[in-house]
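Fold and geometry: a report
In case you want the letters, here they are:
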Amino acid sequence: MVKSGVAVVNLDKLTYAGNPANLAAIQGSPLYTFVQGDICDAELVSELMRQHKPSAVVHFAAESHVDRSIAGPEAFLKTNIDGTFTLLQAARAYYATLEGAEKDAFRFLHVSTDEVYGTLKPEDPAFHEGTPYAPNSPYAASKASSDFLARAWFHTYKLPVLITNCSNNYGMFQFPEKLIPLMITHALSGKPLPIYGDGQQIRDWLFVGDHCSAIAAVLEKGRIGETYNVGGGNQRSNLQVVHTLCALLDELVPESPYKPHTQLITYVTDRPGHDRRYAIDARKLEGEIGWRAQESFETGMRKTVQWYLANKAWVENVTSGAYQQWMTQNYAGRTTVEAGGTQ
């Protein structure tokens with residue numbers, strides 16, 4: 001997502017979902033530096049800025065799984081709020097040392113989520129950049145807080161901040177606790193496909209490659225102090241997503257003993273406070289910067305399923321004992337419900 005010839009420093013704590021193997025293809029590049037560390041470590045973050053003199057900070061780091069935020073919100077407040085504060089303070093101090101063209105070029109891009117806007121009714125228009133914040137989960141509340149911090153550091157300290165709020169991502173290398181890789185890995189093993197409630201929760205699905213291209217475009221052309229919503233234009237219910245995955249697996253794994261894979265669908269007790277619908281209005285990003293998602297839902301899903309089928313060793317490696325413990329914690333206590341979502 002960066003221009004050719006630009007050096008990248010990757011600071012990552014390597015929590016349960018972190019995996020250096022995801023970036024094996026570039027680990028030998030002289031333009032790539034990996035640092036294992038915590039964005040809450042103010043001394044480390046400041047030293048990295050002094051040492052590497054970045055032209056931009058792109059802040060992806062976050063705890064992001066809603067179910068985990070319900071089970072243990074503390075980590076979300078620490079990383080998403082305190083970590084963002086630490087990065088902003090370090091960037092502010094570093095920015096103050098810059099002069100001339102270097103100062104003019106510097107950007108701090110804060111990557112956020114559409115979940116900060118809350119939930120939509122079926123007839124409501126899609127989220128736009130002026131939609132009032134109404135977060136409903138600990139995760140969403142922590143990201144809303146971080147958005148407000150980024151906004152404040154722009155208005156108060158004149159740090160050249162950009163904010164993006166994206167819809168649900170999917171694609172290669174996604175940790176299998178998220179809906180799409182979870183359903184793929186379960187279906188391939190003949191395990192139940194757990195659908196929360198009635199499965200009619202709607203999300204706007206964004207292919208990861210499109211998200212990366214949007215971030216690069218905003219970093220290059222975005223107006224400082226502005227927020228840009230990033231969406232794939234693919235509203236689908238969770239149940240529709242799972243049916244699409246099952247049909248692809250029926251086609252791509254014809255020898256599977258679990259065909260049709262839809263027979264594995266199991267309805268379970270819904271998540272507390274589960275938002276009903278998200279949708280993104282990305283016209284500002286399209287109109288100002290000229291970005292538009294390139295992958296349709298159908299093409300992106302096919303690429304995703306094909307990648308997981310071709311990388312079963314990767315899946316086996318990341319679904320370790322800790323992952324299995326989490327799956328037991330999150331799903332074992334959920335009651336099986338009827339297809340209508342009622343017990």
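Notes on the structure follow.

Reading the values: the criteria
Residues numbered from 1 in each chain as written. Predicted model: local features only at pLDDT ≥ 70, side-chain atom pairs only at ≥ 80, totals over all residues. Heavy atoms only, no water. 1 Å grid on protein atoms, 1.4 Å probe; cavity = no way out; pocket = protein on both sides within 12 Å on 5 of 7 lines; lining within 4 Å. Points joined across faces, edges and corners; volume = space filled by probe spheres on them. Nonpolar A, V, L, I, M, F, W, Y, C, P; charged D, E, K, R; others polar. Buried < 20%, exposed > 50% of the residue type's maximum accessible area, 1.4 Å probe, protein only. Helix = DSSP H or I, 4+ residues; strand = E, 2+ residues; numbered from the N terminus. Pairing = 2+ DSSP bridges. Axes fitted to C-alpha atoms, helices over the stretch in contact; angles between N-to-C directions. Contact = heavy atoms within 4.5 Å. Core = buried A, V, L, I, M, F, W, Y, C linked by side-chain atoms within 4.5 Å.

To continue, consider empty space enclosed by the protein. Space left empty within the atom packing is revealed by a probe, the size of a water molecule, rolled over the atoms. In the structure shown here, the tally under the stated rule is one cavity of 30 Å³ or more. If you add up the space inside the largest cavity, you get close to 60 Å³. Together, Val-66, Glu-115, Asn-136, Ser-137, Arg-203, Arg-271, Pro-272, Gly-273, His-274, Asp-275 and Tyr-278 line the largest cavity. Considered class by class, the residues forming the lining of the largest cavity number three nonpolar, four polar and four charged.

With that settled, the discussion passes to the pairing of strand β3 (residues 56-59). Here β3 shows one buried face, formed by Val-57 and His-59, and one open face, formed by Ala-56 and Val-58. In terms of strand pairing, β3 meets strand β4 (residues 107-113) through four bridges, oriented parallel. The residue of β4 that forms the bridge with Val-57 is Phe-108.

Let us look at the sheet that holds strand β6 (residues 168-170). Ordered in space as β6-β8-β10, the three strands form an open sheet in which the pairing is mixed. Every interior strand has two partners, whereas the edge strands, β6 and β10 (235-237), have only one. In this sheet, adjacent strand axes meet at a mean angle of 50 degrees when their direction is disregarded. Bridge count between strand β8 (residues 202-207) and β10: three bridges; the pairing is antiparallel. Counterpart to Ile-202 in the pairing with β10 is Ser-237. Sheet strands in contact with helix α8 (residues 238-252) are β8 and β10, and its direction is about 85 degrees off that of β10.

Next up on the list: the nonpolar core. Here is a general trend for soluble globular proteins: nonpolar side chains tend to be buried in one another's company. Ranked by internal contacts, the top residues of the largest apolar core, which has 37 residues, are Ile-180, Leu-193, Leu-245 and Met-301. For this core, the elements supplying multiple residues, two or more each, are α6 (179-189), β7 (193-196), β8, α8, β11 (265-268), α10 (297-310), α11 (312-318) and α12 (321-331). If you tally residues by element for this core, the top one is α8, at seven residues. Discounting residues that sit within four places of it in the chain, Ile-180 has contacts with Tyr-170, Trp-205, Val-241, Leu-245, Met-301 and Thr-304. Listed in part, the 23 residues of the second largest apolar core include Leu-11, Val-35, Tyr-95 and Ala-150.

Moving on: the environment of Val-268. Among the secondary structure elements, Val-268 is positioned in strand β11. Owing to a relative accessible area of 7%, Val-268 belongs among the buried residues under this scheme. As a C-alpha pair, Val-268 and Thr-335 span 67 residues in sequence and 5.5 Å in three-dimensional space. Once residues lying within four places of it in the same chain are set aside, the contact partners of Val-268 are Pro-194, Ile-195, Tyr-196, Gly-197, Arg-334, Thr-335, Thr-336 and Val-337.

The sheet built from four strands is open, its strands ordered β3-β4-β5-β9 with parallel pairing. Because the sheet does not close on itself, it has two edges, and the strands there are β3 and β9 (227-230). Strand-to-strand twist across the sheet, computed as the mean angle between neighbouring axes with direction ignored, equals 20 degrees. Across the sheet, helix α7 (residues 208-221) is in contact with β3, β4, β5 (161-166) and β9; its angle to β4 comes to roughly 145 degrees.

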